[in-house]
Amino acid sequence: NQQTAAPQTATKKTLPDAQTVTEVRHYTDRLFYFRTTRPQSLRFRSGEFVMIGLPGEDGKPIMRAYSIASPAWDEGLDFYSIKVQDGPLTSRLQHIQPGDEIILRPKPVGTLVLDALLPGKRLWFLATGTGIAPFASLMRDPDTYERYDEVIMMHTCREVAELEFGRQLVESLPEDPLIGEFVGDKLKYYPTTTREDSKWMGRVTDNLASGKVFADLGLEGTQMDPVTDRAMVCGSLDFNKDVMAIMEGWGLNEGANSEPAQYVVEKAFVG
Ligand code: A2P
């Protein structure tokens, strides 16, 4: 067999589970995007995360959970990360360049998957900061649009520059040759800032509770309906807790793979 006889040296890896960085984009002094090669064996569902990292000083890898920000059909893997100056991993990860290797364990897991939700009509993606990463995957999954009539992406950051990664992605979707047709006019985007002026202001929580997002986007109703609305939440612990309280008040319950319900939650990468 020609394939097994082929020399392996050209793709020799220096790290276990190594993948090669193919692109890096810095958005702010606190946020960056990077893309890596994808292990051939890696199958995942949109919204899941994997452990990625770098070898530590003592040779022991420093690994953290990162949502995969690219769709399952993509040949590479996208990630979106904060930079923490004294963070054990991100203080070093922020300096990666194309051609560098990172460690990526090809074992995807997570609760932010469409299968953990009951069928519905309207799907909400609710995120703060880097919590938009899993939705960068889900917004490019044809399944999202096959299962729901309307998809609403709410994303809150302190400043306008921190919204840029999400904005670029959302704006590219209608023209995307692979996913554009599925997206059509189903995706509604509601970016807000809390500490710098922009078109729409305020926290996701406040704009949901007050009904402002329904008015601004011309959506049906003034609150979520447990019969037709489904939601996925990804942000800080406090954000997740506050959004859950609002949705529970409207009669939505948390679902899981084993028991689908009205919403699912995941903590965004911290530190
Ligand atoms: P705010 O500026 O009012 O704190 P951070 O950078 O601290 O992670 O915050 C990211 C965004 O999430 C900010 O716009 C912040 O708003 C908002 N935020 C922080 N905590 C909550 C919360 N408990 N509920 C809703 N939004 C939150």
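In this text, all values refer to a predicted model and were calculated from it rather than measured experimentally.

About the cut-offs
- Residues numbered from 1 in each chain as written.
- Predicted model: local features only at pLDDT ≥ 70, side-chain atom pairs only at ≥ 80, totals over all residues.
- Heavy atoms only, no water.
- Near = heavy atom within 4 Å.
- Polar contact = N/O pair within 3.5 Å; in protein donor to acceptor, adjacent residues only side chain to side chain.
- Areas by Shrake-Rupley, 256 points an atom, 1.4 Å probe, with all protein chains shown as cover.
- 1 Å grid on protein atoms, 1.4 Å probe; cavity = no way out; pocket = protein on both sides within 12 Å on 5 of 7 lines; lining within 4 Å.
- Sits in = over half its atoms within 2 Å of the grid points.
- Helix = DSSP H or I, 4+ residues; strand = E, 2+ residues; numbered from the N terminus.
- Nonpolar A, V, L, I, M, F, W, Y, C, P; charged D, E, K, R; others polar.
- Phe/Tyr/Trp six-rings, centres within 6.5 Å; stacked < 30°, edge-to-face > 60°.
- Buried < 20%, exposed > 50% of the residue type's maximum accessible area, 1.4 Å probe, protein only.

(A) Expanded view of the site of the ligand. Residues in close proximity to the ligand include Arg-30, Thr-128, Thr-156, Cys-157, Arg-158, Thr-194, Arg-195, Arg-203, Thr-205, Asp-238, Phe-239 and Asp-242, which together make up its full environment. One nitrogen or oxygen atom from the side chain of Arg-158 is found 2.8 Å from an oxygen atom belonging to the ligand. When isolated, the ligand has an accessible area of 550 Å², and the protein chains bury 79% of it. More than half of the atoms belonging to the ligand lie within 2 Å of the grid points that define the largest pocket. At the level of elements, β8 (150-157) and α9 (237-249) are the ones that each hand at least two residues to the shell around the ligand. Per-element tally for the shell around the ligand: the top contributor is α9, with three residues. Partitioning the shell around the ligand into residue classes produces two nonpolar, four polar and six charged.

(B) Representation of the environment of Ser-258 in the model. As for its position among the elements, Ser-258 is in the loop between α9 and β11 (263-267). The spatial distance from the C-alpha of Ser-258 to the C-alpha of Gly-59 is 38 Å, given a sequence separation of 199 residues.

(C) Spatial organisation of the packing of aromatic side chains. Following the criterion strictly, the structure yields eleven aromatic pairs and no others. Consider the rings of Phe-125 and Phe-135, whose centres lie 4.7 Å apart with planes at 20°: the pair is stacked. Of this pair, Phe-125 sits in strand β7 (residues 122-128) while Phe-135 sits in helix α3 (residues 133-138); the two residues are ten residues apart in sequence, bridging distant segments of the chain. Using a relative accessible area of 0% as the deciding quantity, one classes Phe-125 as buried.

Functional significance is not addressed by these values, which are geometric in nature.
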